[in-house]
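Descriptive analysis of the structure
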Amino acid sequence: MPDSLTRAVRWDTVVGALLVVVLLLSFTTVDGFGNALNLSFLIGNTLPIALIALPMTLLVVSGEIDLSVASTAGLSGAVMGALWNQGMAIETIIPLCLLLGVVCGLVNGLLVTRLGLPSLAVTIGTLAAYRGIAQIVLGSDAVTDFPSAYLDFAAGRIGDTFLPYAFLPFLVLLAIAVVALHATPFGRSLFAIGAGEEAARFAGIRVKRQKLILFTVTGLMSALTGVFWALHYASARYDNATGLELSVVAAVLLGGIDFDGGKGTLGGAVAGVFLLGALQNVMSLKDVSAQSQIVVTGVLLVLSVLGPRVARQIAVARAGRKAATAPDAKTPAPTS
Amino acid sequence: MTHPSDTGPAPVLALKGISKSFGAVRALRDVSLELFPGEVHALAGENGAGKSTLIKTLAGVHRPDAGQVLLDGEPVVFHGPGDARDAGIAVIYQEPTLFPDLSIAENIFMGRRPRRALRRIDHKATHDATAALMRRLGVELDPDRPARGLSIADQQIVEIAKALSFDARVLIMDEPTAALTNSEVARLFGVVRALRDQGAAVLFISHRLEEIFEICRRVTTLRDGAWIASEPLDGMTEDDLVRRMVGRDLAELYPKQDVTPGEVALSVRRLTREGVFTDVSFDVRRGEIVGLAGLVGAGRTEVARAVFGVDRWDAGEVEVDGRKLTNGAPSTAMAAGLALVPEDRRAQGLVMDMSIERNIGLTGLGTTVKAGLMDRGAERSRSLDWAVKLRVKYARIADTVNTLSGGNQQKVVLAKWLATGPKVLIVDEPTRGIDVGTKAEVHRLLSQLAADGVAVLMISSDLPEILGMADRVLVMHEGRLTAEIPRTDATEETVMAAATGRVA
Ligand SMILES: Nc1ncnc2c1ncn2[C@@H]1O[C@H](COP(=O)(O)OP(=O)(O)OP(=O)(O)O)[C@@H](O)[C@H]1O
Ligand SMILES: [Mg+2]
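First things first, this report covers the structure right here in the doc. (Residues numbered from 1 in each chain as written. Chains lettered and ligands numbered in written order. Predicted model: local features only at pLDDT ≥ 70, side-chain atom pairs only at ≥ 80, totals over all residues. Heavy atoms only, no water.)

1. Some words on the overall build of chain B
When its secondary structure is counted, chain B shows 17 helices and 22 strands. The C-alpha radius of gyration of chain B comes to 23 Å, within 12% of the 23 Å expected for a compact globule of 504 residues. Considered along the principal axes of its C-alpha atoms, chain B spans approximately 70 × 55 × 45 Å. Counting all 504 residues of chain B, 58% fall into the buried class. Expressed as a percentage of contacts within chain B between residues at least 6 apart in sequence, the contacts between residues at least 24 apart total 67%. Working note: accessible area of chain B is about 19,500 Å², and carbon and sulfur atoms make up 48% of it. (Helix = DSSP H or I, 4+ residues; strand = E, 2+ residues; numbered from the N terminus. Rg over C-alpha atoms; globule rule 2.2 N^0.38 Å. Buried < 20%, exposed > 50% of the residue type's maximum accessible area, 1.4 Å probe, protein only. Contact = heavy atoms within 4.5 Å. Areas by Shrake-Rupley, 256 points an atom, 1.4 Å probe, with all protein chains shown as cover.)

Encoded structure:
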């Protein structure tokens, strides 16, 4: 499809606009939404989703997925709690947790690239495994007595503004991710891999290496999120961040990252993340139960897979080009 | 338009005043065509002239913007390829569209497999019917093997077998021979003649003009979507036909320059991939064009893939400019100056959903970079430069490659690899689906590259192309190199003899 046509109805713009609408509506109609404290809660509670959504976006663009992210976060939090109970210094614990995340990501990546297993299956497996290890490590303890400087940083906000301290490092990571995906040869190769892996290989792109890097970075970011989670909520438990993978995947797809790979922008993904975060915040303010919130997330997930496709079809119909996609593009890919 | 005679048979299929646009691109403008029973009719035109679009419109894949399709004189509207098939029209599309996970037999009898009592699918009947079709085409393909991994030529054979299995009254073939060698083409033509003699009407597209003259009685020519002429081929020469297609005279098709070969640039030693090819050794020198000939399935493509590194080899070694290549690593092969234009442009050559600009840009990810970031300006000018040099016909450089005609897609693949400035260029069917005008252009380009010191290894099933362009011809038969023939001794007979294993 020609660029201008897609640009006219780009899904990420749609989501961005939707985010603005939801925010405006919430400001005007939801009591207690607009004050700085609530907004800082909104952002702080959304940061775990946002942090993992960065590498997840890159993974999905390259045609893969990682469902073990929440378990990796939980494992990293559990190890953090256990080591803290042992009396280790927090300055040593945090790097160890991050290293653990790297290992978790490497395991996923090696299983996918060396054994050629589908990432969906591999990471459902490690989703269970990493959570299980977390429970073995920490049992049903809840570790809460981390140093207050760390707790304050993870939960506090800048003066009386709506910005949590932790938002600033996130902005830096976001900038790095945007540049990596949209402005480097590495990012370009991810789009090629997602849209046509074999052609990417024939163009000399090191497909397996790129994927291994992505899984590893995803593990690292998940572990970082686990550390942040434990400090932000002042509680390290084995079941921290349970189900977070659902929110991350929903947000990323909502942001217009094509589940089949090869399409999407980080801007869209981040808009999707904060749209989901805003909705969750409003639902909490309205006393919607946690279970119902999960239902809403699930529905969003389905809609977000459908939405971009419907938008594309409307675009095609409006331009009066019923055949804008080549007919043979609909038939199965040729064998090779 | 010509009508054989007023008393002659009525056309079985006719197109009247067909127009079709894709946005601003007017792919067909008021095109008419009549197909008579018992005739083989050629459809000729340059890349992007609208041939495939005409066929897809006829088969109900596209809905025409204007005009009518008449079957036995009655207007019909096909709502999809299924309708056309039910009406007795079998179509072989330009690009094979097999289901990779189904077997060859299942692909051929998709949705209409012989059933036994209680509606159970009769596997044996399917198998036997497929085997019979393969025998008719003179190829050895196991009906039960999955379509995944078939070469483009084999996929094309399966598509042909599928079309034949319908016993259609009208057979439409969009470049069925593009990847086939002489012997397969001869078999196909035998089958087509038999069908014709039974009264079928055949519409045939090929960029190999000699094939058109061999099998067709009349030809309809398109240029830029417009109907130019429908006329008997009797008394026409190839030059006449080319003039109809391009509107001017053509430069020489095989403009081979004489070059004194330099040092060895590509050296392949005792290369073996078990069960695929064995003990293959050869050199290609700077300035040389070496042809690699052989029948479909002889292992030519497989050797190229292993040399470039997309497949691993089991034994042997490959050197480019004296540097040993790593087994199974295309990126190091590229770094050493090797380029491979692969045979399957849709799966291997192009990312179909990406723009022309970015597809060509894919091989420049290491060079169009400034301070670690993509240099978009440099990427665009590199892509534009090569798209123009190869005369790719496109609306905008940012359009996705799946909006291009088959031949123009092929040109993008060539552009993508020539843009790397390779020292050693391996081309696998470089002109598959490319029209005569551009073919001459590609040959001129290859010849110029060789003259500039590039070593070229050319795999082609188009024997005249090999004979016209190669300094030396290597011939493979059943996974082994069986002959090396210098240009002066290379003839159709010597090459075919070695390719079919008739000489040691
Ligand atoms: N789905 C599509 N969307 C937009 N443009 C298209 C589409 N399909 C074909 N075209 C355009 O229509 C024109 C005719 O294309 P077509 O595929 O019919 O050419 P062709 O004669 O079959 O060429 P070739 O010999 O290269 O196969 C080309 O300019 C092509 O870019
Ligand atoms: Mg065509």
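2. What to know about the interface of chain B and chain A
Each partner contributes residues to the interface: chain B has 50 residues there, and chain A has 36 residues. In total, about 3,500 Å² of surface goes out of reach between chain B and chain A, with carbon and sulfur atoms giving 60% of it. For the pair chain B and chain A, the interface holds two salt bridges. A salt bridge links lysine 263 of chain A to aspartate 353 of chain B; the nearest nitrogen and oxygen atoms lie 3.5 Å apart. Taken together, the connections running from chain B to chain A amount to seven residue pairs in polar contact (both at pLDDT 80 or more). Where the side of chain B that touches chain A is concerned, the elements lending two or more residues are α9 (300-308), α10 (330-335), α11 (345-349), β18 (373-374), α13 (376-389) and α14 (406-418) of chain B. Examining the composition of the side of chain B that touches chain A, we find that four residues originate from one element, α11 of chain B, more than from any other. (Buried area = accessible area lost by both parts, 1.4 Å probe. Salt bridge = Lys/Arg side-chain N within 4 Å of Asp/Glu carboxyl O. Polar contact = N/O pair within 3.5 Å; in protein donor to acceptor, adjacent residues only side chain to side chain.)

3. Description of the pattern of salt bridges
Scanning the entire structure with this criterion turns up 33 salt bridges over all chains. When the shortest N-O distance is used, the salt bridge between aspartate 72 of chain B and arginine 169 of chain B registers 3.3 Å. Placement of the pair is aspartate 72 of chain B in the loop between β4 (66-71) and β5 (74-76) and arginine 169 of chain B in the loop between α5 (152-164) and β7 (170-174), with a sequence separation of 97 residues. Notably, a salt bridge pairs lysine 370 of chain B with aspartate 375 of chain B, separated by 3.7 Å at the nearest N-O pair. Here the salt bridges share partners, and the residues they tie into one network are Glu64, Glu197 and Lys211 of chain A.

4. A closer look at the site of ligand 1
Around ligand 1 sit 22 residues in total, of which Gly48, Lys51, Ser52, Thr53 and Gly407 of chain B are the nearest. The local environment of ligand 1 is shared, drawing residues from chains A and B. Contact between ligand 1 and asparagine 47 of chain B: an oxygen atom at 2.9 Å from a side-chain N or O atom of the residue. Contact distances for ligand 1 include 2.9 Å between an oxygen atom and a backbone N or O atom of glycine 50 of chain B. In isolation ligand 1 exposes 640 Å². Once the protein is present, 92% of that is buried. When contributions to the shell around ligand 1 are tallied by element, the ones reaching two or more residues are β2 (25-35), α1 (51-58) and α14 of chain B. Looking at the shell around ligand 1 element by element, the count peaks at three residues for α1 of chain B. Per-class residue counts for the shell around ligand 1 are seven nonpolar, 11 polar and four charged. Here the shell around ligand 1 spans two domains, since at least three of its residues come from each of domain 1 (13-98 + 150-247) and domain 2 (253-499) of chain B. (Near = heavy atom within 4 Å. Nonpolar A, V, L, I, M, F, W, Y, C, P; charged D, E, K, R; others polar. Domains from an automatic or database assignment.)

5. Considerations on a negative patch on the surface
All names here are of chain B. Together, Glu210, Glu238, Asp239, Glu492 and Glu493 line one region of the surface with negative charge. Those elements that provide at least two residues to the negative patch are α8 (238-246) and α17 (492-499). Tracing the chain through its elements places glutamate 492 in helix α17. (Patch = residues over 30% accessible without salt bridge, like charges linked within 9 Å, V, L, I, M, F, W, Y side chains within 5 Å. Lys, Arg positive; Asp, Glu negative; His and termini not counted. Charge placed at Lys NZ, Arg CZ, Asp CG, Glu CD.)

Treat this as a map of the structure, not an account of what it does.
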